[in-house]
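Results of the structural survey
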Amino acid sequence: AWTAGWTALWLVAVAGAKGDWFGSDAAMAAVVVGVTAVGVGVLLAYRRFLREADELRRTIELHALAAGVGTGLIGAFGYHLLVVAGTITEPDVLAVPGMMFLGYALAALHGQRHYA
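Residues numbered from 1 in each chain as written. Predicted model: local features only at pLDDT ≥ 70, side-chain atom pairs only at ≥ 80, totals over all residues. Heavy atoms only, no water.

Let us now look at the packing of helix α2 (residues 25-52) against helix α3 (residues 55-85). One way to put it is that α2 packs onto α3 with a least axis distance of 8 Å and a crossing angle of 135 degrees. Classified by the interaxial angle, the pair formed by α2 and α3 is oblique. Along its contact with α2, which presents Tyr 46, Phe 49, Leu 50 and Arg 51, the element α3 presents Arg 57, Arg 58, Glu 61 and Leu 65. Within the contact of α2 with α3, the residues separate by chemical class into four nonpolar, no polar and four charged. (Axes fitted to C-alpha atoms, helices over the stretch in contact; angles between N-to-C directions. Helix = DSSP H or I, 4+ residues; strand = E, 2+ residues; numbered from the N terminus. Parallel < 35°, antiparallel > 145°, perpendicular 65-115°, else oblique. Contact = heavy atoms within 4.5 Å. Nonpolar A, V, L, I, M, F, W, Y, C, P; charged D, E, K, R; others polar.)

This is how it looks when you write it as structure tokens:
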């Protein structure tokens, strides 16, 4: 629920920034602080989830997190090569976190199926 709420809030903030809904730099800064604070809440909720999880769930999460970080590192270097080569002309800062999340999600699903 925390992740879904943070994602929805982030999407609204992005749309608002693009549509100039907030009217001033100070208002936009307040939105960024608010979204970031909810993001910290997501991290704290995830930490609580891990503390309360059983050993198998923690193992699945550890492997999924390792896969996500590895995917992000390898993807970041590959993405950088594409930018340097001129294949990607408008780099997107969200490409690497997107790769990390995809790697994590796929590994978590695999772990759940493998150990179920």
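There is more to say, and it comes next.
Its location among the elements puts Glu 61 in helix α3. With near-sequence residues (within four places) excluded, Glu 61 lies in contact with Tyr 46, Phe 49, Leu 50 and Tyr 104.

As a further point, take helix α4 (residues 95-115). Between its terminal C-alpha atoms α4 stretches 30 Å, which fits the 30 Å expected from 21 residues at 1.5 Å a residue. Burial in α4 covers these residues: Ala 95, Gly 103, Tyr 104, Ala 107, Ala 108 and Gly 111. (Expected span 1.5 Å × (residues − 1). Buried < 20%, exposed > 50% of the residue type's maximum accessible area, 1.4 Å probe, protein only.)

Our focus in this paragraph is the environment of Pro 97. With respect to the element layout, Pro 97 can be found in helix α4. Residue classification places Pro 97 among the partly exposed positions, given a relative accessible area of 42%. Sequence-wise, Pro 97 and Gly 72 are 25 residues apart; in three dimensions their C-alpha atoms are separated by 6.7 Å.

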